[in-house]
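# Structure assessment
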Amino acid sequence: MKKHSFLKKMVAISITAIVVWLFWPSIAPKQLSTANERLTKKTTIKTINPPQKKVVQPVSVTGKPKKITSNDSALLVAKAYAGELVFPPYSQPLTDKDFDRLNPNFFNPQSMLVDDDGTKVSAALSKYRYTYPEAVFATLTGENITHAELQLVDIETGELLLTRKFEQSEENWQTQFEGQRNLPSQLQASIKAHINGKNINITLALKYVDSVATLEGFDSAFHDKADMVIKAHLKTREQGLYRIRANLFDANDQPIAHLVSKEKLDKGNTSLYLKAHQSVLQGRKAPFYLSTFSIELMSPAPGTPAKYGDSLLKEYVIKDFAVASLSHRPYQPSKQEQQRLLLLQNMAEGR
């Protein structure tokens, strides 16, 4: 019995580890997107009369809830993973609900209540991560603000790097500062405001980095079996494993796919390929265009932070490409993906 119980525990632990391994990159964005939705739905606090208490009749339970076994969990994971394999990992479908892929550098505004009357103040930066020589923009929104200033602080040492005063505009209070090439990696913008006779402090985290690579342009798209292929040209300042991301849109500005390419690149002028699979292009109106570029030099070892690049382009229009030229062959999962799916299916069958 002890041995049987131990085996059940090991199966449950294995399933949990596999779920995290397979789906961790997609779980975090959903949590952030939910937080952003909650933020945008907040309204001004109003005083209301408490609802009258209602007598709730107890509900009788006629049966026990169905116990979910480790095999059931493995079966659910296997089905979800099989569904993902319909599309290649380098060309995943994209919708207008995929907030974090559409806004990968979004800054989540920070809000706080000033008093018991519901007076609220909100502070935000134009984005989270900046690349030299970009300027940093900050806004402060709220009522009865007398004056405010921004202090940029090195989190590691506590050193005050610069101070900027906010100026009032028609809609909010604004300030900015020019970027510096050698700013510390861990920064915070401490906003100090005087509101309704009170001193309010809001702390915002940000990153300011020096670019390790620049996306300079693309060649015309061409077809390769079931893929539309676009060659990207970069100038890298460091060698290493790079990951390039871009979002693909149609002529109606509707998102089509999230494209990802990962490759080891040498220092200097180099290139890699972004690919869009036919499964995401069917029924879409041309011309297509690429936007929301992200260039990342991936971490070579645990504890070593990733580095980032910049782009000379805001978007690239893909002209004169015929989707009809693509093969309709469905995506064929790699051997590694097939092995993962087989492992999950075996676990679901108790093997």
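Residues numbered from 1 in each chain as written. Predicted model: local features only at pLDDT ≥ 70, side-chain atom pairs only at ≥ 80, totals over all residues. Heavy atoms only, no water.

## A few points about the nonpolar core
Defined as follows: In this text, buried Ala, Val, Leu, Ile, Met, Phe, Trp, Tyr and Cys residues form a nonpolar core when linked through side-chain atoms within 4.5 Å. Here's how the labels work: a residue is buried when its accessible area is under 20% of the maximum for its type, exposed when over 50%, partly exposed in between, all with a 1.4 Å probe on protein chains only. Note on conventions: DSSP H or I runs of at least 4 residues are helices, E runs of at least 2 residues are strands, and numbering of each starts at the N terminus. By the convention used here, residues are in contact when the closest approach between their heavy atoms is within 4.5 Å.
Of all hydrophobic cores here, the largest spans 32 residues; its most connected members are F218, M228, L248, L281, L290 and I318. Of all the elements in the fold, those that place two or more residues in this core are strand 12 (213-218), strand 14 (227-236), strand 15 (240-249), strand 16 (255-265), strand 17 (268-277), helix 4 (278-281), strand 18 (288-297) and strand 21 (315-318). Among the elements that make up this core, the one with the highest residue count is strand 18 (5 residues). Residue contacts for M228: discarding those within four places in its chain leaves A221, F222, L248, L274, K275, A276, L281, F288, I318, F321 and L326.

## Focus on unusual backbone geometry
Backbone torsion omega between Y132 and P133 reads 10 degrees, so that peptide bond is classified as cis. With respect to the element layout, P133 can be found in the loop between strand 4 (129-131) and strand 5 (136-142). At the junction of A286 and P287, the peptide bond is cis and its omega measures out at 0 degrees in the coordinates. Tracing the backbone through its elements, the reader meets P287 in the loop between helix 4 and strand 18. Notably, N144 is not glycine yet its phi reads approximately 60 degrees, a positive angle. Here N144 lies in the loop between strand 5 and strand 6 (145-154). We note that N196 has phi near 50 degrees; this positive angle belongs to a residue other than glycine. Mapped onto the elements, N196 comes out in the loop between strand 10 (187-195) and strand 11 (198-209).

## Details of the confidence of the model for the chain
Put simply, the test is: pLDDT measures how confident the predictor is about each residue, on a scale from 0 to 100.
On average, residues of the chain score 84 in pLDDT, and 79% of them reach the 70 mark or higher. Considering only residues more than four positions removed or in separate chains, one finds that residues 1-7, a stretch of pLDDT under 50, has 0 contacts. The model gives residues 19-61 a pLDDT under 50, and that stretch makes 27 contacts with residues more than four places away or in other chains.

## Quick word on the packing of aromatic side chains
What counts is decided by this rule: Each aromatic pair joins two rings of Phe, Tyr and Trp (for Trp, the six-membered one) with centres within 6.5 Å, and gets the label stacked for planes under 30 degrees apart, edge-to-face for over 60, and tilted for any other angle.
By the definition in use, this model includes 6 aromatic pairs. The interplanar angle of 85 degrees and the centroid separation of 6.5 Å between the aromatic rings of Y90 and Y331 together place this pair among those described as edge-to-face. One end of the pair, Y90, is in the loop between helix 2 (70-84) and strand 1 (91-93); the other, Y331, is in the loop between strand 21 and helix 5 (335-348), and 241 residues separate them in sequence. There is no split in this pair, since Y90 and Y331 are both buried.

## Here's the deal with the sheet that holds strand 5
So the rule is basically this: Should DSSP find at least two bridges between two strands, the strands are regarded as paired.
An order of 2-3-5-9-8 is seen for the 5 strands of this open sheet, with the pairing classed as antiparallel. Of all the strands in the sheet, the pair left with one neighbour each is strand 2 (110-113) and strand 8 (167-168).

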